[in-house]
Each structure stands twice: as C-alpha cells, then as structure tokens.
Amino acid sequence: MSIEIEKILAASPATTRGQPTQLSTDPKGQRIAYASGKSIYLRDIDNPSLCKQYTGHTTTTTVAKFSPSGFWVASGDASGKVRVWDAVEAVNTKGEYSIISGRITDLAWDGDSQRVIAVGDGRERFGHCFTADSGNSVGEVSGHSKVVNAVAIRQQRPLRAATVSDDSSMCFLHGAPFKFANKAAEVHKGFVMGAAFSPDGSVLVTVGADRRIQLYDGKTGEPTRQVGEGVHTGSIFAVSWAKDSKRFATASADQTVRVWDVEAGKCVQSWRFGEEGAVSVPHQQVGVVWPHGRSDGLIISLSLNGDLNYLIEGRPEPARVVQGHNKSITALGAASDGKGQTLVTGSFDGRVCSWDIATGIGSVVDGQTHSNQVTQFAPTQGRIYSVGWDDTLRILDESANTFAGSSIPLDAQPTSVTATNGTVLVATHKGITVYENDKAVSTIPAESTPLAIAATHPYLAVGAEDNAVQIYKFDGSSSKPRKGDTLRNSTAQISALSFSPDGKLLAAGNSSGKIVVYKTGSWEVVTDRWSAHTARVLTIAWNSAATHAVSGGLDTNVFVWSLTKPGSRVKAPNAHKDGVYGVEWVDADQKVASTGGDAAIKIWKVKGLQ
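Treat the numbers as computed from the prediction; the structure is a model and nothing was measured.

**Q** Before we go on, may I ask you to explain the overall build of the chain in this structure?
**A** On a plain count of helices and strands, the chain comes out with 0 helices and 56 strands. In summary, the chain has a C-alpha radius of gyration of 27 Å against a globular reference of 25 Å for 610 residues, a match within 12%. By its C-alpha atoms, the chain is 85 × 50 × 40 Å across when sized along the principal axes. Relative to its 610 residues, the chain shows a buried fraction of 60%. Relative to all contacts within the chain whose residues are 6 or more apart in sequence, the contacts with residues 24 or more apart total 45%. Within the chain, one finds 60 positive and 59 negative side-chain charges whose respective centroids are separated by 3 Å.

**Q** Whenever I open this one, the pairing of strand S13 (residues 137-140) confuses me. Can you help?
**A** Residues in a regular strand project their side chains so that they alternate between the two faces of the sheet. Pairing between strand S12 (residues 127-131) and S13: 2 bridges, direction antiparallel. Within S13, the position partnered with phenylalanine 130 by the bridge is serine 137. Between the end of S12 and the start of S13, which pair antiparallel, lie 5 residues, with glycine 135 showing a positive phi angle near 80 degrees.

**Q** Would you explain the UniProt feature "domain: Anaphase-promoting complex subunit 4-like WD40" (unreviewed entry) in the chain in this entry?
**A** Under the present numbering, the feature "domain: Anaphase-promoting complex subunit 4-like WD40" (unreviewed entry) in UniProt falls on residues 460-544. In this annotation, residues 460-544 is assigned 0% helix and 53% strand; the end-to-end C-alpha distance for the span is 20 Å.

**Q** Would you take a moment to explain the pairing of strand S17 (residues 179-184) for this structure?
**A** For strand S16 (residues 170-174) and S17, the ladder comprises 5 bridges, and the chain directions are antiparallel. The residue of S17 that forms the bridge with methionine 170 is alanine 184. Connecting S16 to the antiparallel partner S17 that follows it, the hairpin turn spans 4 residues.

**Q** Just to check I follow, could you spell out the nonpolar core for this structure?
**A** Within soluble globular proteins, side chains that are nonpolar generally end up buried alongside one another. Counting residues in hydrophobic clusters, the biggest one holds 36 residues, and the most contacted among them are Tyr41, Ile300, Leu308 and Leu343. Those elements that provide at least two residues to this core are strand S1 (2-9), strand S3 (31-36), strand S26 (285-289), strand S27 (298-303), strand S28 (308-312), strand S30 (329-334), strand S32 (352-356) and strand S56 (601-607). For tyrosine 41, the residues in contact, after removing those within four places along its chain, are Ile8, Ala10, Ala11, Ile32, Ala33, Tyr34, Ser36, Cys51, Lys52, Gln53, Asp598 and Ala600.

**Q** Looking at this structure, I do not really get the UniProt feature "repeat: WD" (unreviewed entry) in the chain. What am I missing?
**A** Under the UniProt annotation, the feature "repeat: WD" (unreviewed entry) is placed at residues 54-86, 185-226, 229-270, 322-360, 487-528, 530-563 and 573-610. As a span, residues 185-226 carries 0% helix and 50% strand, and end to end its C-alpha atoms are 15 Å apart. Between the first and last C-alpha atoms of residues 487-528 the distance is 13 Å; the span itself is 0% helix and 52% strand.

The rules behind the values
- Residues numbered from 1 in each chain as written.
- Predicted model: local features only at pLDDT ≥ 70, side-chain atom pairs only at ≥ 80, totals over all residues.
- Heavy atoms only, no water.
- Helix = DSSP H or I, 4+ residues; strand = E, 2+ residues; numbered from the N terminus.
- Rg over C-alpha atoms; globule rule 2.2 N^0.38 Å.
- Buried < 20%, exposed > 50% of the residue type's maximum accessible area, 1.4 Å probe, protein only.
- Contact = heavy atoms within 4.5 Å.
- Lys, Arg positive; Asp, Glu negative; His and termini not counted.
- Charge placed at Lys NZ, Arg CZ, Asp CG, Glu CD.
- Pairing = 2+ DSSP bridges.
- UniProt positions renumbered as here; feature names shortened; annotations may be inferred.
- Core = buried A, V, L, I, M, F, W, Y, C linked by side-chain atoms within 4.5 Å.

Following this line, the structure appears as structure tokens:
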C-alpha cells in the first residue's frame, strides 16, 4: 500500500481586523502567495486547487512575498523570523534569519532579488535590511517609534525604500546599504497602513487609517500631492500598482476596492462588497494585489472573512470569489449519497463550507450557520446534521447547499453526533438525546461523560470518559434503546468511534493512539494491532467494502489500515500541523481526504490496498 498527496485545497488568507494583510503575486501573474496559520500557500490564480504549501515555520506566519525573479519566496512569522525558500516546490529553504523580537508585518525585495527589507513590531528596532542568501546586513531601518506596517523598495537604481508606521510617518531610505534619508511626519494624521512604489520608480504612494492617499516623488521622497480626498469613508489598508504605473488600486474598511488614475487624481472604478447600504464587517477589504504579467486586467482583493475576490476592470461584479477556511477545520463530513464527490467542512469560527472534490472549489453554506466551533457532522438521507459549541443542532440541506429551518437548541455542550435510518443522536456532557423528525423523543442519561458516539441500526455505541464503549440496542418501535454489552479493552478515554458502512464492524480509537476493531453483535475483538498513533485518535473512517480504514490523530499523522493484514499500514506523516481532525474516503474509495489544524483539505491517492 502507498499514500501520496494529489492536491491541496488551501486555507484562506489569515486576516486580523484593523490590520492590513499582505498579498503577493509572481512576476508572470500566475500564482498568489499568502500566509495562513503556520503555513504559507502558493496558489494558482486561474485554478486555485493547484497549490503548494510551505510548512517550514514553527509559529504563526504573517507575510510572504515572491522575489522579482519569481524563483524565491521570503516569508515572515510572529516570532520575528524570516525564511527564504524556493518558489517551485516550496520545500528547499535557503536561509532562516532572526530579524526582530516581534511580529514581522511586511517584506520587500529589491529589483535584483538579492536584498530583503523586513519590518514589524520589534522592541529595540522595527526592521532590518539583509541579503537573501546569507542574511548579512545591508543597512538599517530607523526613524520610527512604533510598529512599522509596510515597506516598499524601488525596483530601479538608485535604490530607494519607504517604510510606514503607526507613528503616522513615512521614512525614506537611500541605498544600498540602506540608511535613513528623510521623513514625512506631518502628512498622515493616523496609522499609515500601506506603501508602494510605481513599477517605473517615479512615484511613491502611501495610504492610511486617516483615509488619505498621498503621492511622493519616487527619487527624493518629497510629498507631492494628495489624491481622492473624502472618497474612501473608512481606513485604507492596502495599495497596489498596475504594471503601466498609471493606475493603482486601494482596499478599504468601507467595503470598497477602488482604481485610481494617477494623472487625473480621480477614481475610475470601484467595487463594493456586502449588501447595498448595510455595514458588514466581514466584507471590509484588508488586502489588494494587482498581478503583473497578465493581460486580463485582473485585480485580487481580500475580504476580512478570508474571501479572495477576483475583480476585472470594466466589470461591475467580481468575476469569481475563492472561499475557504482561515481558522482550524474541526469537522469533516461526506455527502449522504456515499459517492464521495462532495465534502462539508466546519471550522473553529463556525464557518461551514461545501467542497466539490473533482474541481476543488469550495463555497460557504448559506443560511444561519454556527456561531462557534463546529464539532461534528452526521449525514443521512440527503441532509447533514451538525452540532457546535453554540449548543445547537443544525440541519444542512445538501441539494440546496443551505441550512434548512431553524436550529435545535441543546441542553449542554455537544461532543458528538451520529445518524442512522433517519434517527439522529446527539451526545452532550449530560447524556444522549434521540431525535426523530427533528424532534427530541427520548434521552439516555450518561453514567460517564460521552465523548464519541456511532450508530448503525439497531446498535448505538457510546465511548466515554471511563475508558469503556457502552453498547445500546434499539428494539422494535421503541425510541429509547436498552443497555447492552460494555467493551472494556481500552486503557484510555475513547475519543473516536466508527461503524463500517455494512454495520458489521466497529472501530474504537482512544486518547493514547490505539484503535481496536470489534465484530458487531458478538463484540469480539477482530484486531487490536492498529496502534501506530502517538497521540489521541480524533477521527476514523471505513471504506465502503469495510476492508480498510483511515484514521487521523493529534500527532498530525494520517494512517491507512488493513483488516486482513493489521500489521501493514501506510502513513502520511505531518499531514496537518496542529492535528488531523477529519478523514473521509472519496472518489469511489480510490482516495482519502483529510483536514485539520492548518485549515487546509488534502486529497491523498491510496494505491495497492492489501
């Protein structure tokens, strides 16, 4: 057996309210780079399901920038480290450099792809200039008294750089080596968020929280004029130039992206997001990039909720919106039809997305979603039931891709949900509630807090804190099952349960990483040799033939197990940083989907099943 990655459905860019999010595209305009979680993603712009994930950082990433040559990427993280690595495979790291003692907010390359300036929130210093291949110092960033939000380097000689800060000033550096030349302190009246040199190097533009767009001379750094006074009605977070140096785009908290003509000083096009006339915080525009090397006039903007909006000059509506998760995915479910072509994912912030496996396209599920972490999904008969930490049970209509009806309140925080033959069972800290036709019909009081449940008619398995799996059985038309066998093979708390699709086998995973398989009915042990996880087993899924199972755990690994050869297993190591929270068989059991703490979905090819 073998397992290899087929594609990565990337996480959305991580965003923070009130802060700009940096986006970068390669010189050909084919790929976009951004930070999310502890990873950096390089995504194909035209086909977002083509993606490389760089996992070299050990802490939360903040920014990634392509070099002008397109061969390298520099990325920064929250601990003040910058890593330079290859943009082709996103594996080979050229160097890691500690720059400042706090978060890196922005990076800029010079035109030769040799020097990098990194800025951020330090203690003694707020940035540094260094060579990309060795980390040697090539100047200093000085003149600021607060966090530096953005940096830009002129791509022509003589080299110039500009840094902008929360201290309301723009500092102009001459290079190389870069050193402080002059400062524009009286121009902006608030936090300065973004700066960019025009591609021909003649103009510098800065934008800020005071809604001001200011132009400067690109060689001297002298302020020249202001553009578009009073047009933006919210903080301007980002600015990006067109390749012709005649226009630039701005992104603002007033939910708009605007294109400006430099010579005329006027806005020539604008796009507004969210409902007309309504204030919508998730639709604030916190990032924008105008990819060079393209002929279609594409501009990509980023909403606070993580959506990437594809805007084309001349068109009033976005050509495309790329959606996904930018918080840890905590739940994964497959559509109830069993074909393995559609997945649903739920994340830590309550967002639920539906994914088409073939195209790799995700879309946010409409309707009233969870307001907190999604715990688990249970598909049955064209619907998917979900429970979350907002203590509700919600119903997702698969055909309409929307939440149907109103939510069903639960009496305590849910730990698990399962469904069989139209009956839905929800485990909470107080016990298990049985629902029929979306109404509670009976409850089973818990002797020990239930952590995982699974059902296949007529059995219900409950894994609890007391290390045991308690079996219940539904008799006839009674909605309350009677208590049956107790399985006490585990030496740790039961954390995951899964019946095979034919109902003949039950897999039980525990918090020490061991999985035991039982035969339904007699409850004898089929195998107890599935024990390669080194931490809590979080999820188990059977293939439709019930010959193999896949599991994911807190140890970040995915394992594919064989029932006939329990000792032979295949491992996908470090599948998801911070743990694997969901696994499913997809595409007629030829592939496995996994998801986890890095908010990405990975599709794995599984070959040679034994």
